[in-house]
Amino acid sequence: MAEVASPQEPPTSHVSQTPHVPSEPHLMHHFDDMEQQREAATLGMWVFLITEVLFFGGLFAAYMIYRVWYPTTFGVASRQLHLYSGAVMTVVLITSSLTMAMAVHAAANGLRRRIMGFLGLTLFLGIVFVALKGMEYYHEYLEHHIPGHGFQIEGTDPNHAQIFFSLYFIMTGLHALHMFIGFGILLTMMYMAWRNYFSAKWHTPVEVAGLYWHFVDIIWIFLFPLLYLVDRHR
Amino acid sequence: METADALSLPKTHYLNAEYGIRSWLLTTDHKRIAILYLVSITFFFAIGATFAGVIRLELLTPPGDLVSDDTYNKMFTMHGIVMIFLFLIPSIPAVFGNFFVPMMIGARDLAFPKINLLSWYVYVVGAIFTLVAITAGGVDTGWTFYTPFSTVASNTNVLTAAIGVFIAGFSSILTGLNFIVTIHRMRAPGMTWMKMPLFLWSTYATALINVLGTPVLAITLLLVAVERVFHLGVFNPAYGGDPVLFQHLFWFYSHPAVYIMILPSMGVVSELIAAFTRHSIFGYKMVAFSSLAIAVFGFLVWGHHMFVAGISVYSAMIFSILSFLVAIPSAIKVFNWSATLYKGSVSLDAPMLYALGFIGLFTVGGLTGLFLASLGLDVQVHDTYFVIAHFHYIMVGGALMGYLGAIHYWWPKMTGRLYNEIWAKLAALTVFLGFNLTFFPQFILGYLGMPRRYHAYPPEFQALNVLSTAGATVLGIGYLMPLAYLLLSLKFGKIAGPNPWKATGLEWQTPSPPPTFNFDQTPIVTKPPYSYEQQEAELG
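Predicted, not measured: the structure shown is a model, and the values here were computed from it.

Visitor: Run through unusual backbone geometry, naming residues and quoting values.
Guide: Working note: non-glycine residues mostly have negative phi, and peptide bonds are mostly trans. The residue after Thr147 of chain B, namely Pro148 of chain B, is reached through a cis peptide bond having omega -5°. Relative to the assigned elements, Pro148 of chain B resides in the loop between α5 (113–135) and α6 (149–153). For Asn196 of chain A, which is not glycine, the phi torsion reads 60° and is therefore positive. You can see Asn196 of chain A is positioned in the loop between α6 (158–194) and α7 (204–229). Here the phi dihedral of Lys343 of chain B falls at roughly 60°; this positive angle occurs in a residue that is not glycine. Mapped onto the fold, Lys343 of chain B is located in the loop between α12 (327–341) and α13 (350–373). In this structure Lys343 of chain B comes out as exposed when scored by C-beta crowding, with 9 C-beta atoms within 10 Å.

See below:
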């Protein structure tokens, strides 16, 4: 400190002691080093994902209970869903997780163009997924499977089937909402990569975005069998 | 070196580092965000207390003469919603946790300062929704939003209120997340887990509940809102839905929420007992781990709210036994605090009066909780004033006493000035007496069978109700007194100096009010917490 201070400056200890000025461009003032900052960010995302597990957990619990109560109706209602569309969506989403992992890998190596490319691919696959989901919703609408006054279903108790479809729309709808939030995150990451914000030394945001994206995928991996496959063995 | 200028305020500190409304609304300083929270929750406390005042005034006489039954339903609903979701849940974590978690571990800020500010804005948005629900005619479902009344029958502003609570919930998730990461990753060199002040342990346990419980409340309220708007049947028995499922999901959060309210107060009391007995906490590890135990057990007892809701006898028995078990870690704390008093040099400053009040009132509240955890007795007193008295002993006698103790203890650190000690002691006694006068008669009323949530009652209950209303008046005065003398102290209070209580925590090793980055240099921790014996020896 004494070497830095110029001789004209008065020796006011409070001013010259500035240990909080970041020594690296991306280090925020309240962290000691990049490692601590990276660990805090990743831990924060993990804790957030735990809250998400509990958030969806309430819905999974409700679904399980009604499925145990009304197994036949849930079976009939489940078979009304569009299996092939759901299967294609699953493949698309798993592939997007692969491209996301590639983006994180590229970020770890500081390859700016690759980061942008893989993030773009991930975004594209995510949009395909949501578009397919939208088409499914449209078909449900045509088939009068939207819960409410116009709800119709053949060959089972319409009230219990309506509970199935209520949960179906709420669960997949919330999942889709998470996808849209993911799009926002991907676009932000692409913009940051384009502005050359990341380097091999500092790419935590891409890593954390990857955690989020994989998590949203995993939610779908549980939703797909629960909603589409429960009764297909018959 | 600090003793020479101990009695003047530091030249620059977090309050005068920047000026103007922007410097407050865009701040990322955890101390300023704590002040933002302090102002907002005090505002909502006043609103919630006003509703309580109307309730007690109505119950002064047996017939329903002051307000109609509909209005009365709205009064107790909004009292509950405002007090629980907008005051008690944020109270100690959002104000004192925000201010002191970084200072106590020797950090410059929380791990995510911007998320911290965001959490305040989220709180404000949720609070605005709730205010809109209140001013547009109120809600009458009770703070519990039980279905199918809330989804099918009630024609009040259920949707707006539920959205408000939903949004406010995310504020406590974000605060909890911030605390967990901060305590894991930001501790100063030498600050091991076993050197952490007990306030941090209880804040950490609270944060765990915030993070694990609140999302379940969020999804439950979302289901209620969606069901109400689109007329679904998920919780409606007419369509094969199950209202008891709603109760399970609701109490899965809302029982642990009680521990969100009480655990931070327990942390505060640990700090106060140590500081004002000049004694290290007896059984530090047991007190620390009992906080975690309460957080864990707290998640396993929600069924005791539903003993009369038609759950099976076997699950009721399990929930009953588990509810008894949660008394163990709570009792560990009470016994250890009492043991700390033994042979300590106890000084009865105002914060200590609140701490001692907490121990007594929390014990009464906790023991009556065991009555309610018993399957047979609960059927008799369920939905009576016995329950009201029980949870007010926990939430007001416990949580709020801890909050008041905290504000008196840390006020000199936050503002740099001392309040009037005589008035503060007087206020503490007034609150204690007023509280007991308000709520003790309610135990008897409930035992005699007076049900909750009615605006009229048979004449034989009047004497006890008059006592209760009189107590509420005293209690109200007890709350107004700190408001007055604390605000006056900002202008006229004596300069506090860095450490007016000669306490050992890191937050006292820095000037009052603290500088923006808390410490000039990152402190290095060598001593265990509460090393009062060592400090006494050094002071001679």
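Moving on from the model shown.
Visitor: How would you sum up the packing of α5 of chain B against helix α7 (residues 158–185) of chain B? Please name residues and give values.
Guide: Residue and element names in this part refer to chain B. Direction vectors running N to C along α5 and α7 enclose 165°, while the axes themselves pass 7 Å from each other. Judged on the interaxial angle alone, α7 and α5 are roughly antiparallel. Every pair of crossing elements has a handedness; the one defined by α5 and α7 is left-handed. Split by residue class, the contact of α5 with α7 holds 16 nonpolar, 9 polar and no charged.

Visitor: Describe the interface of chain B and chain A, listing the residues and the values that go with them.
Guide: Contact residues are listed per partner, giving 33 residues for chain B and 31 residues for chain A. Sorting the residues of the side of chain B that touches chain A by element identifies α7, α8 (198–230) and α9 (243–277) of chain B as the ones contributing at least two each. Among the elements that take part in the side of chain B that touches chain A, α8 of chain B stands out by supplying 9 residues, more than any other. A class-by-class count of the residues in the side of chain B that touches chain A yields 22 nonpolar, 7 polar and 4 charged.

Visitor: Can you explain the packing of α8 of chain B against α9 of chain B? Please cite residues and give values.
Guide: Residue and element names in this part refer to chain B. Remark: α8 packs on α9, axes separated minimally by 8 Å, with the N-to-C direction vectors making an angle of 165°. Between α8 and α9, the angle falls in the class roughly antiparallel. The two elements α8 and α9 meet at a crossing, and its hand is left-handed. Broken down by class, the residue content of the contact of α8 with α9 amounts to 20 nonpolar, 10 polar and 1 charged.

Visitor: Before we move on, could you go through the confidence of the model for chain A and cite the residues and values that matter?
Guide: Put simply, chain A has an average pLDDT of 89, and 90% of its residues get 70 or more. Low confidence marks residues 1–18 of chain A, where pLDDT is under 50. Its contacts with residues over four positions away, or in another chain, come to 5 contacts.

Procedures and definitions
- Residues numbered from 1 in each chain as written.
- Chains lettered and ligands numbered in written order.
- Predicted model: local features only at pLDDT ≥ 70, side-chain atom pairs only at ≥ 80, totals over all residues.
- Helix = DSSP H or I, 4+ residues; strand = E, 2+ residues; numbered from the N terminus.
- Buried ≥ 20, exposed ≤ 12 C-beta atoms within 10 Å, placed from the backbone.
- Axes fitted to C-alpha atoms, helices over the stretch in contact; angles between N-to-C directions.
- Parallel < 35°, antiparallel > 145°, perpendicular 65-115°, else oblique.
- Left-handed = near helix turned anticlockwise from the far one by under 90°.
- Nonpolar A, V, L, I, M, F, W, Y, C, P; charged D, E, K, R; others polar.
- Contact = placed C-beta atoms within 7 Å.
- pLDDT = per-residue confidence, 0-100.

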